[in-house]
Amino acid sequence: MIIGAAAGDVPAAEFFRHVGLGKNSFPGLRGPLVAVMSETSSYHAEDGLYEQLVAYLDGELDAEGSRQIERRLAEDADFRRELQHLQRTWDMLDELPKADVQESFTQTTVELVVQSAAHELQENQQHERRTQRFTWAIGGSGVVAAVVASFWLLSSYLAHPNEQLLRDMPVIENFELLRVADSMEFVYQLDETGLFDEEVDDAL
Amino acid sequence: MALSENTTPNYELRDPDVRLMLQVRENNAAAFEELVLRYQGRLITVLEQLVQKRDVAEDLAQEVFLRVFRARKSYEPGAKFSTWLFTIANNVASNALRTLARRREVNLTPGGQQTTSANPLDQMALEASGLMPTRQLDRSERADVVRQAIQLLSERQRMALLLSKFEGMSYAEIGEAMELSPQAVKSLLSRARSNLRAALEPYMKEGVLKGTHREEA
């Protein structure tokens, strides 16, 4: 509580400190302010009574809360006076002038927003373009990689279409001889001796 | 804030400004302009009382409208439009006040404080305690007194008070705009009104001041 439960100068000092004023600020105000604070503090002391009074003025109390405040108002002249003070202070806020806004303000504001929207659109387009470019780059790289791989595989196949046949040529040529061999192991041993190398080279 | 399925259509039905904002969400520029026209005066009135400078208040109001526009795509009608707008205004104003306070701290030089007589409320208080003949306060003087009294409130008290007075918001709506519980708003407004009453009490009796030397000061 700024204006606390205790009467006197201490709550007022808290209020001054709260609003950032030193002891010597507003010397003319300090006296009356302290007096008024002392006057109202008795209602602050009563459990939430001041809050209830303000809420009553603001139309924020339920039926039971309103009845309690009205009962107190009927019984307590000081409480009635406090309500009147609060109401008059509230009414004084009507003295504050309402802003008279010129047409240029509306125009400037709308222009500002249009600029912002244009900027936003530009950013979105840039972002979209960047995303598109990235997608194209990824897709393109994939396609290029696939083409290169296919080309390499195809070209390597096309460059030596009969490679396997040529490699097998010595076997084909010596098929009759090899047929009489006892085992494949024997044939491999012959191959390792380099017997067929010359014939393979000739075929390639 | 999570919204129940029941509240959303209610706001849309009850609040025409919510319907306008939903059109803004669909990029309707005319709807946005209509909202600016409806709220610019109210917004600047509140912001001017908060920051005390008309040009700053206008800049802040534009910032608020800009934020409204930028947030249009994610807008969901979970409250009255004015509550949503003043939630944004509260954030924008709080940031601006923090920045202004920092700047003021930097600019403050020792011994460079305002003299007490430069402050209208202080001046009038001094006059009230003097022995000069009384005179009726004119409207602009009364407005000055009220403005100065409002400046004595804390930033949050001021905001709550202005939303209550000028926007006619309920405690629940103020709570939504300021991210406080209704009970906290009740306490805040009670303190605000008590402080305001204390500050204005000496000057509102019969609307008179003692002395006529305001112009002389």
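Residues numbered from 1 in each chain as written. Chains lettered and ligands numbered in written order. Predicted model: local features only at pLDDT ≥ 70, side-chain atom pairs only at ≥ 80, totals over all residues.

(A) Region of interest: the overall build of chain B. When its secondary structure is counted, chain B shows 10 helices and 2 strands. When its helices and strands are written in sequence order, chain B yields α-α-α-α-α-α-β-α-α-α-α-β. Out of the 217 residues belonging to chain B, those deemed buried represent 45%. (Helix = DSSP H or I, 4+ residues; strand = E, 2+ residues; numbered from the N terminus. Buried ≥ 20, exposed ≤ 12 C-beta atoms within 10 Å, placed from the backbone.)

(B) Spotlight on the overall build of chain A. From N to C terminus, chain A includes 10 helices and 0 strands. Secondary structure elements in chain A, listed N-terminal to C-terminal, are α-α-α-α-α-α-α-α-α-α. Expressed as a percentage of the 204 residues in chain A, the buried residues total 17%. Considering only contacts within chain A whose residues lie at least 6 apart along the sequence, 55% involve residues at least 24 apart. (Contact = placed C-beta atoms within 7 Å.)

(C) Just the packing of helix α3 (residues 29-51) of chain B against helix α8 (residues 155-166) of chain B, in detail. Residues and elements named next belong to chain B. Relative to each other, α3 and α8 sit at 150 degrees, their axes nearing to 10 Å. When the interaxial angle is binned, α3 and α8 end up roughly antiparallel. Crossing geometry of α3 relative to α8 is assigned as right-handed. Residues R42, T45, V46, Q49 and L50 of α3 lie in contact with α8, whose contacting residues are R158, M159, L162 and F166. Among the residues making up the contact of α3 with α8, the classes are represented as 5 nonpolar, 2 polar and 2 charged. (Axes fitted to C-alpha atoms, helices over the stretch in contact; angles between N-to-C directions. Parallel < 35°, antiparallel > 145°, perpendicular 65-115°, else oblique. Left-handed = near helix turned anticlockwise from the far one by under 90°. Nonpolar A, V, L, I, M, F, W, Y, C, P; charged D, E, K, R; others polar.)

(D) Geometry of the nonpolar core. If you look at the biggest cluster of nonpolar residues, it comprises 63 residues, and the most contacted ones within it are L47(B), V64(B), A89(B) and A160(B). Look past the residues within four positions of A160(B) in its chain and what remains in contact with it is I174(B), M178(B), V185(B), L188(B), L189(B) and A192(B). (Core = buried A, V, L, I, M, F, W, Y, C linked by C-beta atoms within 7 Å.)

(E) A look at the packing of helix α3 (residues 49-57) of chain A against helix α5 (residues 77-92) of chain A. All names here are of chain A. At a minimum axis separation of 11 Å, α3 and α5 run at an interaxial angle of 55 degrees. Overall, the two elements α3 and α5 adopt an arrangement that is oblique. With respect to the hand of their crossing, α3 and α5 are arranged in right-handed fashion. Note on element contacts: α5 touches α3 through E82, L83, L86 and Q87, opposite L53, V54 and L57. Grouping the amino acids of the contact of α3 with α5 by side-chain chemistry returns 5 nonpolar, 1 polar and 1 charged.

(F) The confidence of the model for chain A, seen in detail. Residues and elements named next belong to chain A. With 73% of its residues at a pLDDT of 70 or more, chain A has an overall mean of 76. The secondary-structure element of chain A with the lowest mean pLDDT is helix α1 (residues 9-18), recorded at 43, while helix α4 (residues 63-75) shows the highest, at 95. A low-confidence stretch, residues 1-13 (pLDDT under 50), is modelled with 32 contacts involving residues beyond four sequence positions or located in other chains. Note on residues 15-35: pLDDT under 50 across the span, and 32 contacts to partners over four residues away in sequence or across chains. (pLDDT = per-residue confidence, 0-100.)

(G) Spotlight on the environment of V36(B). Among the secondary structure elements, V36(B) is positioned in helix α3. Judged by local crowding, V36(B) falls into the buried class, with 22 C-beta atoms found within 10 Å. Spatially, the C-alpha atom of V36(B) lies 9.3 Å from that of Q62(B), the residues being 26 residues apart in sequence. Look past the residues within four positions of V36(B) in its chain and what remains in contact with it is T106(A), T109(A), V110(A) and F65(B).

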